[in-house]
Structure formats: C-alpha cells, structure tokens
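Structural features, examined
Single-letter residue listing:
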Amino acid sequence: MADQSMENKDSNYKTDIACELLRMRLTQAIINEHYKNKAFKVPIHLAFGHEAIAIAVSEMMSDDDRLIVSHRNIHYNMARGAQLRQLMDEYLLKPEGLAGGKQGSMNLSNPERGIPYASSILGNNFGVAVGAALAIKAKKQEAVACVVTGDGAMEEGSFYEALLMFSGQRMPSVIIIENNEWSLASTIEERRAEIDVKSLAQGTGAGYVRLTGNNVFDYIDKMQAVRSEALKDKKCIVVEVILKSLGDWRLKTDDFPDGKFINYHAGPAPTIELEDWPVIHDNEWDPLAVLSKLPQSIDLKQKAVEMKAALLGAIT
Amino acid sequence: MNYVGYINKLMREKLKQTPDTVCFGQNISTGSCLSGLTRGLPEGDGNLVVNTTNSECTLTGAGFGLLAEGVNAVFFLKQQDFLLLGIDHLVHTWNAMRAQGFKGSFTIMAIVVDNGYEGPQSCLNNLADFCSISKIPGYSFSNKEDIDAIVNDQFLEPGVRFIAVSQSLFRSEMGLFEGGGEVVDPTNHIRKYGSGDDVTIVSLNFACSQSQELFGNLQADQINSSLFNVSSMMPDSWGSIFNHAARSKRVVICDDSKSVHKQSAHLASLIKAHVEGCDVLVLDRSYQEEWSFPNADQFVIEPSSVKKWCKA
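What comes next concerns the included structure. Here the structure is a predicted model, which means the values were calculated and not measured. (Residues numbered from 1 in each chain as written. Chains lettered and ligands numbered in written order. Predicted model: local features only at pLDDT ≥ 70, side-chain atom pairs only at ≥ 80, totals over all residues. Heavy atoms only, no water.)

Glancing now at empty space enclosed by the protein. For the structure on display, the rule yields two cavities of 30 Å³ or more. Empty space within the largest cavity amounts to approximately 60 Å³. If you trace the largest cavity, you find it lined by B:Asn126, B:Ala128, B:Leu204, B:Asn205, B:Val230, B:Ser232, B:Met233, B:Asp255, B:Ser257 and B:Gln263. When grouped by side-chain class, the residues that make up the lining of the largest cavity number four nonpolar, five polar and one charged. A volume near 30 Å³ is recorded for the second largest cavity. Around the second largest cavity, the lining residues are A:Ser70, A:Ser119, A:Ile121, A:Leu122, A:Gly123, A:Asn125, A:Thr149 and A:Ala153. (1 Å grid on protein atoms, 1.4 Å probe; cavity = no way out; pocket = protein on both sides within 12 Å on 5 of 7 lines; lining within 4 Å. Points joined across faces, edges and corners; volume = space filled by probe spheres on them. Nonpolar A, V, L, I, M, F, W, Y, C, P; charged D, E, K, R; others polar.)

With that settled, consider the interface of chain A and chain B. Accessible area lost upon the coming together of the parts is a frequently used measure of interface size. Every contact between the two is made by 25 residues of chain A and, on the other side, 26 residues of chain B. Buried surface at the junction of chain A and chain B, both sides included, amounts to about 2,000 Å², of which 65% is carbon and sulfur. Here chain A and chain B share two salt bridges between them. The partner of B:Glu69 in a salt bridge is A:Lys139, and the shortest N-O contact between them spans 3.3 Å. Every element with two or more residues in the side of chain A that touches chain B is listed here: α5 (125–138) and α6 (157–168) of chain A. Examining the composition of the side of chain A that touches chain B, we find that nine residues originate from one element, α5(A), more than from any other. (Contact = heavy atoms within 4.5 Å. Buried area = accessible area lost by both parts, 1.4 Å probe. Salt bridge = Lys/Arg side-chain N within 4 Å of Asp/Glu carboxyl O. Helix = DSSP H or I, 4+ residues; strand = E, 2+ residues; numbered from the N terminus.)

Turning our eyes to something else, we now look at the side chain of A:Asp151. Among the structural elements, A:Asp151 can be located in the loop between β3 (145–150) and α6. Those residues in contact with A:Asp151, other than ones at most four positions away along the chain, are A:Ile177, A:Glu178, A:Asn179, A:Asn180, A:Glu181, A:Trp182, A:Ile188, A:Arg191 and A:Arg192.

Another aspect to go through is the sheet that holds strand β7 (residues 207–211) of chain A. All names here are of chain A. Taken together, the six strands give an open sheet; going across it, the order is β2-β1-β3-β4-β8-β7, and neighbouring strands pair in parallel fashion. Here the strands that pair on one side only, and so sit at the sheet edges, are β2 (117–118) and β7. The pairing of strand β4 (residues 173–179) with strand β8 (residues 236–242) spans seven bridges and is parallel. Its bridge partner being in β8, Ile176 is matched across the sheet by Val239. The strands touched by helix α2 (residues 51–60) are β1 (66–69), β3, β4, β7 and β8; relative to β4, the strand with the most contacts, the crossing angle is about 170°. (Pairing = 2+ DSSP bridges. Axes fitted to C-alpha atoms, helices over the stretch in contact; angles between N-to-C directions.)

Written out as structure tokens, the structure reads:
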C-alpha cells in the first residue's frame with residue numbers, strides 16, 4: 001500500500017501506475033475483441049472508463065482489507081493483480097482461470113487478493129460486506145471493509161441497511177458508489193429522484209467524499225486519506241465517483257435515422273477497436289485521456305504498442 | 001427446565017467452548033432476549049454479541065460474509081417470517097459461495113410462531129420451504145433429544161444450516177419423549193419411539209407433540225404404533241420408515257406445515273412407490289382464507305377418525 005501523497009512519490013511509482021492503467025485498458029480491449037467474435041458464453045460487464053477508481057482502491061488497500069465487489073468487477077480484479085490469461089480462461093470456464101473456471105464473470109472473486117466475494121445481484125454485496133466488517137471487528141484487525149456499488153444498486157434497501165450497520169457498529173468501512181448515471185438502459189432522471197448522497201451518508205454519521213475528473217493520481221491520494229479517516233474515526237465513508245462506462249454507440253433504426261444513443265452496459269463494445277490508440281474519448285471521462293495529458297516519464301503511445309504485443313503474445 | 005431454557009443452556013455451553021463467534025440479531029441482548037432464547041450469550045475470546053438494526057436482508061448477507069472470513073456466525077430471528085427478507089442471500093449468495101470451501105459456520109436460528117391470532121405475519125411455519133429453495137439443510141427442535149443432537153452435531157459446525165425453534169413449545173417442560181428415542185437413520189435426524197407394528201406414525205415439521213398425543217390415544221385403544229419423529233427438513237434416507245411401513249402396511253403422516261407443497265405429500269408418494277400394499281393417511285392443513293386474518297387456527301389431530309381408519 002502506498003503511504004504518502006502523490007507529490008512525494010518517485011517517478012518510478014507514477015510510471016508503474018500509468019502502466020497499470022494502460023494494462024487494464026488494453027486487457028479489456030483484447031477481451032472485447034474476443035467478445036465481439038463470440039468467444040464467451042458467460043455475460044461480461046466491461047469497465048472501460050472505470051480504471052482510475054479501481055487502481056486507487058487497490059493502492060489504498062492493506063493486506064488485511066477486504067473488497068466486496070459487484071457484477072461489474074473486471075477492473076477491480078485486474079487492479080488486484082488478475083492477468084489477461086487468467087481472466088480469459090475464467091470467462092472461457094477453463095480450470096486455469098482465475099477462479100478455476102467456476103465463477104465466470106459476474107461472481108468473480110479472488111480471496112487471496114482481498115476480494116472474498118463478488119455479487120451478481122444488485123444490492124446483494126452490502127450484507128456480505130457488513131459480515132466482512134464484523135469479522136474485522138471480531139478479529140481485532142486494523143483493516144477496512146470496502147464495498148463497491150453503483151448508482152442503480154444503491155437504490156436497493158440493503159444500501160441503507162448496510163450504511164446503518166457500518167455506522168451503528170462503528171466499523172471502519174468504505175462504500176464506493178460508481179455513479180455512471182445509468183442502470184442498464186435507464187438514466188437516473190428516467191427512473192428516480194436525485195439522491196443527495198452526501199446528506200444521506202452524513203445523516204447516519206458516515207462521511208462523504210466525491211471524486212470527479214478521473215485523474216488516477218488524485219484518486220489514489222484521496223482514497224488513502226479516506227482509509228486513514230475510516231480507521232482513525234472508526235466510521236463508514238461513502239465515496240461517490242462520477243464516471244462514465246465507455247463503449248456507447250448509436251443504433252440506426254427507422255425511428256432514429258441519425259442513430260439512437262445506446263449506453264454501454266454489458267457484452268461487447270462494438271465501437272471500441274483494439275487497433276486504435278486505447279484512449280476511447282479524449283476528454284475527462286476517459287482516465288487514460290486524463291493520464292496522457294499529465295507529464296510522463298515514458299512515451300505512453302509507444303508503451304501501448306509494446307504492451308499490446310506482449311499481452312497478445314501471452315494468450316497465443 | 002423448560003424448552004427455551006434448555007436450548008439457551010446448551011447454546012451457551014457450546015458458545016463458551018467456541019471462540020471467534022459472532023452472534024447477532026434484533027433484541028438478542030435487550031429486553032426479554034427473545035423470551036430467554038438468547039439470554040446471557042457469552043462474549044470475549046473473540047466472541048461478539050451484536051444487538052442489531054432491523055435489517056434482515058443485510059444481516060443474512062452478513063452471516064455469509066462472516067462465514068467467508070472463517071468466523072462462526074449465528075443469526076437469531078424472533079420470527080421465521082422475517083427471514084423472507086434474506087431470501088436473496090439464502091439462494092444467490094450461498095449459490096455463489098458454496099463451492100469455495102469456506103471454513104466458517106453460519107447458523108440461522110429462527111422462532112416459528114405459528115399462532116393464528118398473530119395473523120398473516122406469522123403464517124409461515126414450514127422451514128422446509130426455505131431449505132428447498134436454498135438447498136441449505138434445516139432442523140427443528142421438537143424435543144430434548146433433537147435439541148441435544150442438533151446442538152452437538154450442527155450448531156457452530158462448519159457450513160450453513162437453519163434451526164427452527166417452536167414458540168408454542170417455549171414454556172413446555174422437557175418431558176416430551178425424553179430418553180425413549182432410537183436413532184434410526186445414519187445422520188441422527190430420525191428417531192423412533194415405541195415398538196408397535198400396527199401403525200407407522202411419522203411426525204414432520206413441528207407436529208411432534210400432536211403426533212405423540214395420537215400415539216397415546218391409539219395405544220389406549222390397543223392399536224400399537226411406532227412414531228418416527230423427523231427433525232431434518234431434508235433427510236438423506238427414509239429407509240427406516242419404509243421398512244416399518246412394510247410391516248404395518250398403515251402409515252399416518254402428521255404435518256403441521258402450511259405450505260402448498262409439503263414434505264408429507266412427497267413422503268406419501270415415496271411410500272406408495274416403495275412399499276407395496278401400504279395405505280397412507282396424511283394429516284395436514286389445507287389453505288384457509290382465515291390464515292390471512294387473526295384467528296384461532298392451530299394444528300389439531302382428531303384421534304377418533306384415525307382409529308376408524310386403522311380399523312377399516
């Protein structure tokens with residue numbers, strides 16, 4: 001775990017982080033190509049655009065911390081060390097896969113790397129995270145239970161139940177809400193009232209932090225501060241990360257001759273090509289685009305070419 | 001010592017011997033402590049007693065989270081109906097976890113109220129329904145021998161199980177068939193009482209006391225029976241019952257559960273398939289509109305009709 005702010009980090013560390021973000025993007029792009037070719041029978045929720053928060057959470061974690069994830073978990077599994085070959089084999093349900101080909105994608109956990117459980121059911125993972133936090137308490141460990149959810153899953157009643165349990169039992173914990181605005185095909189506006197997450201969290205005694213901008217280094221700093229505060233004050237902190245799931249496209253129909261906007265939810269992302277420079281949108285919604293605009297000690301484009309070749313070589 | 005006091009005593013003794021256990025649930029350390037069921041649960045040595053919020057969904061999930069951590073978890077519920085809010089975890093979370101070989105333990109101990117006057121909120125009395133959809137084993141505490149066996153063999157042991165406690169038996173003394181049962185299945189969950197071969201009586205769910213009363217009534221009329229009390233909701237083998245039925249050729253199945261699909265119907269069909277020339281009488285409860293309202297409903301067996309059937 002990194003234990004100091006990014007300002008004091010050496011350039012090697014920053015380069016490692018940049019390479020990790022690049023690896024996660026390229027790994028997904030390669031999986032996406034196989035997905036487009038119908039290689040997988042299990043449904044996979046890719047996480048283009050979610051890489052920065054996943055790296056920050058992983059960098060924040062100590063060996064004893066627990067991370068309970070949801071159906072969209074590829075980015076957290078990668079950030080916790082899963083390699084392309086292991087993921088491909090798991091999605092192909094091979095014994096060599098990350099979980100022995102027994103979990104596929106939506107339930108893909110990795111207890112040895114701090115991910116004891118992944119849930120395919122919206123809101124299901126909150127309760128398990130409460131159990132992990134109770135175990136930390138029973139074992140008297142200096143550790144944090146983290147649970148990842150989205151702006152859709154937090155509509156489940158179990159979000160509120162878990163928030164109360166975390167706060168009421170004074171258990172160091174972090175709820176990470178990946179707010180991509182969409183729940184499958186419905187935007188927040190199309191399905192519910194706006195939730196003031198800050199007020200909701202603070203109303204139960206929990207803390208609140210909002211992350212925007214997709215700067216991975218900024219996120220690492222802030223998540224490390226979140227962990228420290230959760231431990232020091234024995235409290236729950238809700239982190240709302242504003243992001244977009246990249247990979248959207250336009251579907252032309254008779255009703256929509258100019259193309260209807262289709263949000264990326266799951267399955268292959270048809271407009272993302274492995275041959276392209278892996279930045280998907282050259283704006284703040286793409287963590288790789290944000291990274292590429294920061295001062296670098298390496299040539300990211302050249303590194304992407306080399307890494308892509310190495311990754312492809314590893315699965316052939 | 002009464003039923004609830006005996007369960008509490010045995011649980012406390014086993015908890016004292018078992019470190020790293022988290023007991024949790026609503027009102028388990030306040031007020032009456034669930035009418036004494038959870039009074040004085042031991043703390044220390046890594047043991048926690050957590051008086052929780054009213055959050056059954058999350059609490060059910062928390063039990064699985066503790067199990068994954070290698071911790072022993074016990075979730076107490078004042079009413080089995082409340083467990084409906086945890087169904088998602090019982091089915092999906094356990095489905096996702098069961099193959100991972102976690103070493104922890106998760107026991108869900110719920111009180112079955114089954115009191116018509118409490119209306120629809122207490123009408124769910126069949127533990128086997130939960131067992132069926134979750135594929136988690138379940139056991140009922142009907143008498144002292146069941147309590148001894150289940151606390152010793154199941155409570156806090158690795159894996160997941162339900163244990164159902166009957167509220168209607170809470171204040172009863174522990175004399176029910178005490179000391180007379182013969183274990184007749186390999187998993188210790190079917191006990192045979194009596195040695196008569198005229199009729200085979202089978203007790204399911206929480207029908208043990210009514211079945212015992214029937215046993216006595218038949219005996220008073222020179223109809224000698226054997227009573228098989230089944231404490232498991234998913235027994236591995238019905239062989240001992242089939243063998244006895246092959247001799248008696250008459251089986252009375254007593255089932256107090258209120259479900260549409262009942263264990264008794266399943267067992268009756270198995271007996272008819274496996275035991276040639278055997279008559280089966282199922283004494284159960286059919287759905288009543290009254291179950292939706294406060295009423296005097298309770299499971300009652302009319303012994304005269306059974307005697308008549310036996311003599312026919």
